[in-house]
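An overview of the molecular structure
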Amino acid sequence: QLLEEAARLQASEEKRVIDTLKATHDEMLRSIRRRHAQELKDAEKAHFEQGRAEQRKVGEVEARKIQDTADMLREKEVQSIETSQKQTLNQYKRLLEELKRAHAAETQ
């Protein structure tokens, strides 16, 4: 009977150790899963942020191209207006010279 009691106690102790090891193992698995889930979430967030940064960069490049094109067109328009104004001024100068000559011819 003493041997049976010792065997029961040993079996009970082995079961407790096995249950403790199993609980520890389960907790370690849950911890690993939580860590992996967090790492995946962090990686997805980093990927999303990188994508947004790349989109901003592309947007900035496109905006710069548009601004450069607008500046170039504005400069061409200014040059065109300046050229037109110079031509008009030269025409007025020629007309003024012709008027002066005509007036001088009339007064002589």
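Here, every reference points to the structure presented above.
Anyway, here's the lowdown on the structure attached to this text. Being a predicted model, the structure only gives us computed values, none of them experimental.

**Considering the overall build of the protein**
Within the protein one finds 1 helix and 0 strands. For 108 residues, the compact-globule formula gives about 13 Å, and the C-alpha radius of gyration of the protein, at 46 Å, lies well above that figure. Split into buried and exposed, the 108 residues of the protein put 0% on the buried side. When the accessible surface of the protein is totalled, it reaches about 10,300 Å², and 58% of it is carbon and sulfur.

**Some remarks on the environment of V61**
The topology assignment puts V61 in helix α1 (residues 2–107). By relative accessible area, which is 31% here, V61 ends up partly exposed. Sequence separation between V61 and F48 is 13 residues, and the spatial gap between their C-alpha atoms is 20 Å.

**Some points on the pattern of salt bridges**
Across all of its chains, the model carries 10 salt bridges by this definition. For E49, the salt bridge identified is with R52, shortest N-O distance 3.9 Å. Taken as a pair, E49 and R52 lie in helix α1 at a separation of 3 residues, close to a single helical turn. Residue E49 is classed as partly exposed on the basis of its relative accessible area, which comes to 34%. K65 is the salt-bridge partner of E62, the closest N and O atoms lying 3.7 Å from each other.

**Focus on the environment of R52**
According to the relative accessible area criterion, R52 is partly exposed, its value standing at 38%. R52 sits 19 residues away from R33 along the chain, and the two C-alpha atoms are 28 Å apart.

**A few points about the environment of R74**
Here R74 is to be found in helix α1. According to the relative accessible area criterion, R74 is partly exposed, its value standing at 45%. On a C-alpha basis, the gap between R74 and T107 in space is 49 Å, while along the polypeptide they are 33 residues apart.

Rules and cut-offs
- Residues numbered from 1 in each chain as written.
- Predicted model: local features only at pLDDT ≥ 70, side-chain atom pairs only at ≥ 80, totals over all residues.
- Heavy atoms only, no water.
- Helix = DSSP H or I, 4+ residues; strand = E, 2+ residues; numbered from the N terminus.
- Rg over C-alpha atoms; globule rule 2.2 N^0.38 Å.
- Buried < 20%, exposed > 50% of the residue type's maximum accessible area, 1.4 Å probe, protein only.
- Areas by Shrake-Rupley, 256 points an atom, 1.4 Å probe, with all protein chains shown as cover.
- Salt bridge = Lys/Arg side-chain N within 4 Å of Asp/Glu carboxyl O.

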